[in-house]
Amino acid sequence: MANYRFFLDYLAHRLSAKTRHGVHSPFVYQLVDEVIYDFSPKPYEEEIERKRQALQKDMRIIKVTDYGAGSMMNNGKQKAVGTIAKNALKPKRVAQLIARLANRFTPATIIELGTCLGITTAYLAKAAPKASVITVEGCPETSAVARQTLDELGAPHITLKTGNFDNILPELIQQQEKIDFLFLDGNHRKEATLNYFYLCLPKVHAQSLLIFDDIYWSKGMKEAWQEIKNHPQVTLTIDLFFIGLVFFKKGQEKEHFKIRY
Ligand SMILES: C[S@@+](CC[C@H](N)C(=O)[O-])C[C@H]1O[C@@H](n2cnc3c(N)ncnc32)[C@H](O)[C@@H]1O
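Residues numbered from 1 in each chain as written. Predicted model: local features only at pLDDT ≥ 70, side-chain atom pairs only at ≥ 80, totals over all residues.

Caption draft 1: A look at helix 10 (residues 219-230). The end-to-end C-alpha separation of helix 10 is 17 Å, in line with the 16 Å expected for 12 residues at 1.5 Å each. The set of residues buried in helix 10 consists of Met221, Ala224, Trp225 and Ile228. Projection of helix 10 onto a plane perpendicular to its axis shows the buried side chains occupying an angular sector of 100 degrees, all on one side. What points out from helix 10, more than 90 degrees from its buried face, is the exposed set Lys219, Gln226 and Asn230. Each element contacted by the buried residues of helix 10 is listed here: helix 9 (190-200), strand 7 (204-213) and strand 9 (243-247). (Helix = DSSP H or I, 4+ residues; strand = E, 2+ residues; numbered from the N terminus. Expected span 1.5 Å × (residues − 1). Buried ≥ 20, exposed ≤ 12 C-beta atoms within 10 Å, placed from the backbone. Arc of directions from axis to C-beta. Contact = placed C-beta atoms within 7 Å.)

Caption draft 2: Spotlight on the environment of Ile84. Within the fold, Ile84 resides in helix 4 (residues 81-87). Along the primary structure Ile84 and Gln56 are separated by 28 residues, whereas in three dimensions their C-alpha atoms are 7.7 Å apart.

Caption draft 3: The arrangement of the site of the ligand in detail. Close contacts around the ligand come from 22 residues, with Gly68, Gly114, Cys116, Gly138 and Gly186 the closest. Mapped by element, the contributors of at least two residues to the shell around the ligand are helix 6 (119-127), strand 4 (132-137) and helix 8 (165-175). Tallied by class, the residues present in the shell around the ligand amount to nine nonpolar, eight polar and five charged. (Near = placed C-beta within 6 Å. Nonpolar A, V, L, I, M, F, W, Y, C, P; charged D, E, K, R; others polar.)

Caption draft 4: Layout of the pairing of strand 3 (residues 109-113). Burial analysis of strand 3 places four of its five residues in the buried class, which makes it a mostly covered element. By the bridge criterion, five bridges tie strand 3 to strand 4 in an arrangement that is parallel. Opposite Thr109, over in strand 4, you have Ser132 as the bridge partner. Read from strand 3 through helix 6 to strand 4, the crossover connection turns out right-handed. (Pairing = 2+ DSSP bridges. Right-handed = clockwise from strand over helix to strand, strands pointing away.)

Caption draft 5: Structural view of the nonpolar core. Formed by 75 residues in total, the largest nonpolar core has its most connected members in Ile98, Ala102, Leu117, Tyr123, Leu124, Ile211 and Phe212. If you tally residues by element for this core, the top one is helix 5 (residues 92-105), at seven residues. When neighbours within four sequence positions are excluded, Leu117 is seen to be in contact with Leu55, Val81, Ile84, Ala85, Leu89, Thr142, Val145, Ala146 and Thr149. (Core = buried A, V, L, I, M, F, W, Y, C linked by C-beta atoms within 7 Å.)

See the structure below:
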């Protein structure tokens with residue numbers, strides 16, 4: 001039933017979403033044209049995708065500690081790394097888009113909530129090599145595999161914190177002077193998502209970008225996305241169906257876009 005609803009939401013999005021044509025905001029038009037639809041190969045992509053393939057074949061069994069809403073595919077306690085790599089990671093197309101966004105906005109700091117095996121983390125670190133990347137993973141054994149992934153991909157400078165977002169995020173945000181770029185990819189529950197959003201708000205600025213994953217995943221996530229869009233500090237959102245982009249740009253009318261991706 002949940003899958004059926006998701007599919008209907010996807011169809012509705014495809015029908016109502018725009019491509020770059022029909023977008024009248026110069027900022028959004030440029031972003032769609034130069035970043036969202038920029039499918040030209042990037043130097044870091046091949047190596048990371050090779051690592052993803054290797055992880056998909058990885059037969060090691062690890063004990064999974066799940067602090068999140070789980071996923072539609074993964075619910076057991078003991079799992080093969082390969083099963084996690086096949087089911088829990090952002091597909092190449094979305095991971096590469098997130099990397100292009102990090103490259104475009106050159107954030108000084110990137111925070112990722114939901115490291116899993118480290119694939120999107122590697123993308124973020126390679127696409128924005130000057131950024132300081134902090135990533136958080138709740139499951140200790142998953143986090144250990146991510147550490148290996150990142151070391152092997154030559155991204156050892158990444159700060160990987162292991163623990164529940166609920167415990168780590170308040171202090172982590174307090175330590176930041178500002179939040180430039182945050183990717184939330186874990187604990188897809190309405191209350192948790194909103195809680196993390198509200199924790200970020202005091203530190204966002206006119207150039208901040210918050211990316212929310214799976215905004216159509218459940219009724220609760222759809223409600224969370226609506227509440228985020230309606231928040232007075234939010235001035236611009238771009239709904240790409242699988243992810244939602246949230247901007248806080250100053251001096252512009254509040255606008256919401258649905259873009260086909
Ligand atoms: C969808 S996966 C992340 C995938 C990763 N970003 C990628 O595409 O390469 C979500 C991860 O978030 C972690 N997670 C979920 N809820 C959490 C919580 N409350 N605290 C810490 N980690 C959590 C899960 O253990 C899982 O590994």
